[in-house]
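# Coordinates in review
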Amino acid sequence: MDTIKNILSPLGMSTGAIQDTLKLVVIGGTVETARRASVSAWNGFVDSFFLTAHFSQDDYPYDWLMHWLAKQPSWGRSREFEITTRSVNRNGITQKTTGDLEEEEEEEDDTLVHGRRKRKVAFMPSLDTTHTIYYRGHWLRITRTKRYPDYGHGCSLKISVVARNNDIIKKLVLEAKREYEKDAEHRVHIFLADTSYPCWRWNGARQKRPMSSIVLQPGVKDMLLADCKDFLASEEWYAERGIPFRRGYLLHGVPGSGKTSLIHSLAGELGLDIYVVSLSSKGMSDNTLTTLMGHVPSRCILLLEDLDAAFTRSVTRDSASTGVPTAPTSKDGTTAETNDGSTLSLSGLLNSLDGVAAAEGRLLFATTNHIERLDPALSRPGRMDVWVNFTHATKWQAEGIFKCFFPYQPSSSSSASTSGTSTPSKEKDASQKNLPLPKRKSHAIPLLTEEEINELAKRFAEAIPEDELSVAGLQGYLLKNKTRPRECVDEVGKWVIQERETREKLKKEKAEREAKEKKEAEEKAKKEKEEKEAKEKEEKEAKEKQERKERAAKKKARTDATKSDSSVTTSTSSTETASADATTESSTTSEASSTTTSESEANTGIDADTEESVTSEEESEKAEGASEEKKEEVKKEKWVAVKNASTSTETSSSSATTST
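Just so it is clear, the model here is predicted, and its values are computed rather than measured.

Turning next to unusual backbone geometry. Despite not being glycine, R136 has its phi angle at roughly 50°, a positive value. Assignment of secondary structure puts R136 in the loop between β7 (130-135) and β8 (138-148). The exposure class assigned to R136 is partly exposed, which follows from its relative accessible area of 49%. Backbone geometry places D467, a non-glycine residue, at a positive phi of 55°. The residue D467 is located in the loop between α15 (450-463) and α16 (471-480) in this model. Note on D467: relative accessible area 42%, which makes it partly exposed.

So this is what it looks like as structure tokens:
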């Protein structure tokens, strides 16, 4: 310090001020050093003991943890929250959270208010806020944020915990997964293809449909279920024989026969998710479909609905096959390109189904109402291994559907054994063992006995014609009479007659509409033909008129040329007459007359040539031209006569002078 004071003293600085400045510098340096050391120590402690896990909304673990957090009491007691009446859980499994506001006098039955359920107020922890939850001796710091704030979607979850290893995070994720799968046991998840950014988007969770609600021909449903289970358990068998681990099912038949319902039921029975591809969606191309197929999980159901109508142009290489839509044509008659936003080709679809990049381990289901429209390469074995034909409802199906709609009291075991038939109630219980129990009372449906329901089902089946009505039609009729089983059977005959009349009416209207459209098309074609002929006629007349004008112009040019030639000839004759030494008056007159005769002959020859070049269509113009030429001849003759007279006068005067 003394040295510094000695150095700074000549500068005139105060010693007290310098000491204070140095003290501040030392104190500031010490504080900053301590801060940096503490931050470094804290970062080292955090790196050594804190574990941080990130979860994205695009993957399943995010749903597991959000489902688990909704059940935690501390999650509902957050100090910073948002109040909402809409569920933030996108899978629809959890209907309420621990923070929901419950009414004191809540009715037991879930009644409807103005056609809607009562809204429940929920208290949810807010975004971008850290919440603390105690779990198995550890404090979890949980933060939920938005990955894309500008777009309003795409949340992420961050969980931090102080621990030596990540075992606590593993236990948390596995526990959340078990609870989620337990609650999601009765639901099927649906995913749709997103062509804007080739990926799969979650579209919701649907309630499982029991297999007993699907009534097909005897043995078909069991065959499909057994084949699917056998395939899912045969991965090693396929690998040993070098066969691609893929299986395809083609469900074809009439509309409304239960194809899509069967797929939904199989997905619930097998515990698989459904991935739906719309081949005609905007932006679908060969590369997009290949990318989507490559991202399909190994254990799922891949669904291609209405394969025959998926392409707006065709699903076949043969343009003459049945059902190929006609391509639009332009005005000049050429085929116009359709711009529907989809550039998918048949070869691209085939390569995506069983190409090198195609996913394995998935069950491919394709539905179509017109199998004859499909290309053989698309429906061959290897791509579509199992074909199932769906027809209209049979009497056996009608009886089974009726039993599924109305509840009944099963008979005792003794009566079931004496009848020698298995009770449908047992089959129903076996197939619906994984369904949740109803939370509220169903409609006031009379409970029938087993004998009565069997009798009513047989009467109902006898009234249904064989292979004439669709399964969807029967289901619609039973839905209208879901509380009237006895009346439903009594009125089914009348309903069948009405359905036939309606079908005939629709058929007749369709025939009339087609006939009308055909007639309008013929009239339109006839009108277009007449307009075309009229247009051609106008063009022809305009062309002929133009030709007449050109001919008139040529004729006028020839007339002008004739006039100029006559003038030159007359002037030459007069010059030759004036230069003669002596000629008699008679000779002069004869020369003039001969000259006039030659000019007339020349003009007559020119007129003859002109008349030969004029067509019969130009008679009026020819007459006008002839009159004009005649006038010209008269003028020429008069001019020549005057000229000749003057010439003869000059000749006689010259002769008189000579004689004198």
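To continue, consider the sheet that holds strand β13 (residues 274-277). The 7 strands lie next to each other as β11-β10-β13-β14-β15-β12-β16, forming an open sheet whose pairing is mixed. Where the open sheet ends on each side, the last strands, each with one partner, are β11 (199-207) and β16 (386-390). Strand-to-strand twist across the sheet, computed as the mean angle between neighbouring axes with direction ignored, equals 25°. Judged from the 4 bridges that link them, strand β14 (residues 301-304) and strand β15 (residues 363-368) form a sheet pairing that is parallel.

Remark: helix α12 (residues 395-405) packs on α15, axes separated minimally by 8 Å, with the N-to-C direction vectors making an angle of 140°. Comparing their axes, α15 and α12 come out oblique. Relative to α15, α12 is oriented so that their crossing is right-handed. Residues K395, A398, E399, F402 and K403 of α12 form the contact with α15, whose participating residues are I453, N454, L456, A457, K458, F460, A461 and E462. Classifying every residue of the contact of α12 with α15 by side-chain character gives 7 nonpolar, 1 polar and 5 charged.

Attention now moves to the confidence of the model for the protein chain. Scored by pLDDT, the protein chain has a mean of 74; 66% of the residues are at 70 or more. Confidence drops under a pLDDT of 50 for residues 88-92, and excluding neighbours within four residues, the segment shows 14 contacts in the predicted structure. Low pLDDT (under 50) marks residues 413-442, which in the prediction has 28 contacts with non-local residues, meaning those over four places away or in another chain.

Turning next to the pattern of salt bridges. For the coordinates displayed, the defined rule picks out 18 salt bridges. D194 is paired through a salt bridge with R201; the nearest N and O atoms lie 3.2 Å apart. Since its relative accessible area comes to 19%, D194 is described here as buried. R486 is the partner of E452 in a salt bridge, and the nearest nitrogen-oxygen pair spans 2.8 Å. Residue E452 is located in helix α15, and its partner R486 is located in helix α17 (residues 485-490); the two are separated by 34 residues in the primary sequence. Using a relative accessible area of 24% as the deciding quantity, one classes E452 as partly exposed. Counted as one network, the salt bridges with shared partners bring together E32, R35 and R36.

A few words on the side chain of R383. Locating R383 in the fold gives a position in the loop between α11 (376-379) and β16. You can call R383 buried: its relative accessible area is 12%. Among the polar contacts made by the side chain of R383, one reaches the main-chain carbonyl oxygen of A377 at a distance of 2.6 Å. Those residues within four positions of R383 in sequence are excluded, and the remaining contacts are G248, L350, D354, L364, A377 and L378.

Another point: the nonpolar core. Core analysis: the largest hydrophobic core is formed by 29 residues, its most contacted members being L262, I274, I301, L363 and F365. Setting aside anything within four residues of it in sequence, one finds L262 in contact with I214, L216, L224, L251 and F390. Counting residues in hydrophobic clusters, the runner-up holds 27 residues, among them F191, L289, C300 and L307.

Calculation criteria
Residues numbered from 1 in each chain as written. Predicted model: local features only at pLDDT ≥ 70, side-chain atom pairs only at ≥ 80, totals over all residues. Heavy atoms only, no water. Helix = DSSP H or I, 4+ residues; strand = E, 2+ residues; numbered from the N terminus. Buried < 20%, exposed > 50% of the residue type's maximum accessible area, 1.4 Å probe, protein only. Pairing = 2+ DSSP bridges. Axes fitted to C-alpha atoms, helices over the stretch in contact; angles between N-to-C directions. Parallel < 35°, antiparallel > 145°, perpendicular 65-115°, else oblique. Left-handed = near helix turned anticlockwise from the far one by under 90°. Contact = heavy atoms within 4.5 Å. Nonpolar A, V, L, I, M, F, W, Y, C, P; charged D, E, K, R; others polar. pLDDT = per-residue confidence, 0-100. Salt bridge = Lys/Arg side-chain N within 4 Å of Asp/Glu carboxyl O. Polar contact = N/O pair within 3.5 Å; in protein donor to acceptor, adjacent residues only side chain to side chain. Core = buried A, V, L, I, M, F, W, Y, C linked by side-chain atoms within 4.5 Å.

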